[in-house]
Amino acid sequence: MMKIDYVSDLHLNHHVRFIPNQEKWEKRTREWAKRLMDSKEANVLVIAGDFSEWNRQAIWFLEEAGKAYEQVFFVTGNHDYYLLSKSQRRIYGDSKGRHLNLIENARKIPNVQPLCREVINYKGKVIAGDSLWYRPVSPEDWFFFIQISNDSHYIIHSQASTMKEGVIHLYQEAMDWYHTLNGQHIDLMVSHIPPLHPPISPYPRNACYDCPVPFLVSENWICGHQHIQGDFQKNGTHFWMNAIGYPDEKKECKIRSMDI
């Protein structure tokens, strides 16, 4: 049995907003991270995506997590692809460039392991992870994506001719990788986007908030994206969700634990 702490949807830049004084911004971010990890119960931490709109801030958090835990695993979320400024677009080129920069710098941090379409054996437990992605289908889905979702404004696809083409490409890449897991033994799957609509959600299903899959690859699954705190079982899989969310959602800012 392995005890694992888990959390998602930190949205650090909403809790510790950007200020021009980088030293103060970094100090406040690290202090926020340490306060959150005061509630740690295990030696392993899983983070299911959406760190910050700024890579520097995500790295500061991961550095603190790497000090507090023997091992940290994480996947990225849709907000970890956002480009909010012209300077970000100049530095990274597009959203995949920003994502790659975060992954490459995170790999340099002791005790931190990105799960970027990877399967890792850690102390006898097989852990797999990816952001996964959603796919709008109906006209209503596309209306929501284009008119309401910030993803359509801040996720930039340099290789796609349209926003629609870009999101479909991200979905197809994720599904192509996920199908390679079929038949493998996975003790824990981690994704940002859930593979189904959580029955504990207070909202009706929206195609931009889940990634339907043809099979559930593990009996244990940590995910986020929907800003839910709770767990449930569906089709033989136990799902664990612990989103911190935005400050105005007033969710409990606490790390939770589970066993595999």
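Refer to the structure above for everything that follows.
Novice: So what's going on with the environment of valine 75? Which residues, and what values?
Specialist: Its location among the elements puts valine 75 in strand β3 (residues 71-75). Excluding anything up to four places from it in sequence, valine 75 contacts Ile47, Ala48, Gly49, Phe51, Leu115, Gly129, Asp130, Ser131, Val190, Ser191 and His192.

Novice: I'd like a rundown of the nonpolar core, residues and numbers included.
Specialist: Formed by 34 residues in total, the largest nonpolar core has its most connected members in Trp133, Tyr178, Met189, Val217 and Trp221. Only β6 (125-130), α6 (139-148), α8 (163-179), β8 (220-223) and β10 (237-242) provide two or more residues apiece to this core. At seven residues, α8 tops the list of elements feeding residues into this core. Listed in part, the 29 residues of the second largest apolar core include Phe61, Tyr69, Leu102 and Ile255.

Novice: Go over the side chain of threonine 76, please, and point to the residues and values.
Specialist: Note that threonine 76 resides in the loop between β3 and α4 (86-92). On the basis of relative accessible area, threonine 76 is assigned to the buried category, the value being 3%. A polar contact of 2.9 Å, which involves the side chain of threonine 76, links it to the side chain of histidine 99. Residues in contact with threonine 76, not counting those within four places in the same chain, are Gly49, Asp50, Tyr81, His99, Leu102, Ile103, Ser131 and His192.

Novice: Can you explain helix α2 (residues 22-37)? Please cite residues and give values.
Specialist: Relative to the 22 Å expected for 16 residues at 1.5 Å per residue, α2 spans 22 Å between its end C-alpha atoms, a close match to the ideal helical length. Turning to α2, its buried residues number three or more, namely Trp25, Thr29, Arg30, Trp32, Ala33, Leu36 and Met37. Seen end-on, α2 carries its buried residues on one side only, within an arc spanning 155 degrees. Exposed side chains of α2 directed beyond 90 degrees from the buried face belong to Glu23, Lys27 and Arg35. Of the surrounding elements, those touching the buried residues of α2 are α1 (12-15) and α3 (55-68). Two or three places before glutamate 23, at the start of α2, stands the capping residue asparagine 21, its side-chain oxygen 3.2 Å from that residue's backbone nitrogen.

Novice: Go over the sheet that holds strand β11 (residues 256-259) with me, naming the residues and quoting the values.
Specialist: Strand order in the open sheet formed by five strands is β4-β3-β2-β1-β11, with mixed pairing between adjacent strands. Pairing within the sheet leaves two strands with one partner each, and these edge strands are β4 (112-114) and β11. Each strand of the sheet is rotated relative to its neighbour by a mean of 25 degrees, with strand direction disregarded. Here three bridges tie β3 to β4, and the two strands are oriented parallel to one another. Opposite phenylalanine 74, over in β4, you have proline 114 as the bridge partner.

Novice: An account of the environment of arginine 107 is requested, with residue identities and associated values reported.
Specialist: By secondary structure assignment, the location of arginine 107 is in the loop between α5 (95-106) and β4. In this view, arginine 107 contacts Gln113, Pro114, Cys116 and Glu118; residues no more than four positions away in its chain are not counted.

Novice: Explain the pattern of salt bridges residue by residue, including any values.
Specialist: As enumerated under the stated definition, the model contains twelve salt bridges in all. Of the charged contacts in the structure, one is a salt bridge between glutamate 63 and arginine 30, with a shortest N-O distance of 2.4 Å. Of this pair, glutamate 63 sits in helix α3 while arginine 30 is found in helix α2, placing the two residues 33 residues apart along the sequence. Among the residues examined, arginine 30 registers a relative accessible area of 15% and is labelled buried. Of the charged contacts, one joins glutamate 173 and arginine 117 as a salt bridge, the two residues approaching to 3.9 Å between their closest N and O atoms.

Rules used in this analysis
- Residues numbered from 1 in each chain as written.
- Predicted model: local features only at pLDDT ≥ 70, side-chain atom pairs only at ≥ 80, totals over all residues.
- Heavy atoms only, no water.
- Helix = DSSP H or I, 4+ residues; strand = E, 2+ residues; numbered from the N terminus.
- Contact = heavy atoms within 4.5 Å.
- Core = buried A, V, L, I, M, F, W, Y, C linked by side-chain atoms within 4.5 Å.
- Buried < 20%, exposed > 50% of the residue type's maximum accessible area, 1.4 Å probe, protein only.
- Polar contact = N/O pair within 3.5 Å; in protein donor to acceptor, adjacent residues only side chain to side chain.
- Expected span 1.5 Å × (residues − 1).
- Arc of directions from axis to C-beta.
- Pairing = 2+ DSSP bridges.
- Axes fitted to C-alpha atoms, helices over the stretch in contact; angles between N-to-C directions.
- Salt bridge = Lys/Arg side-chain N within 4 Å of Asp/Glu carboxyl O.

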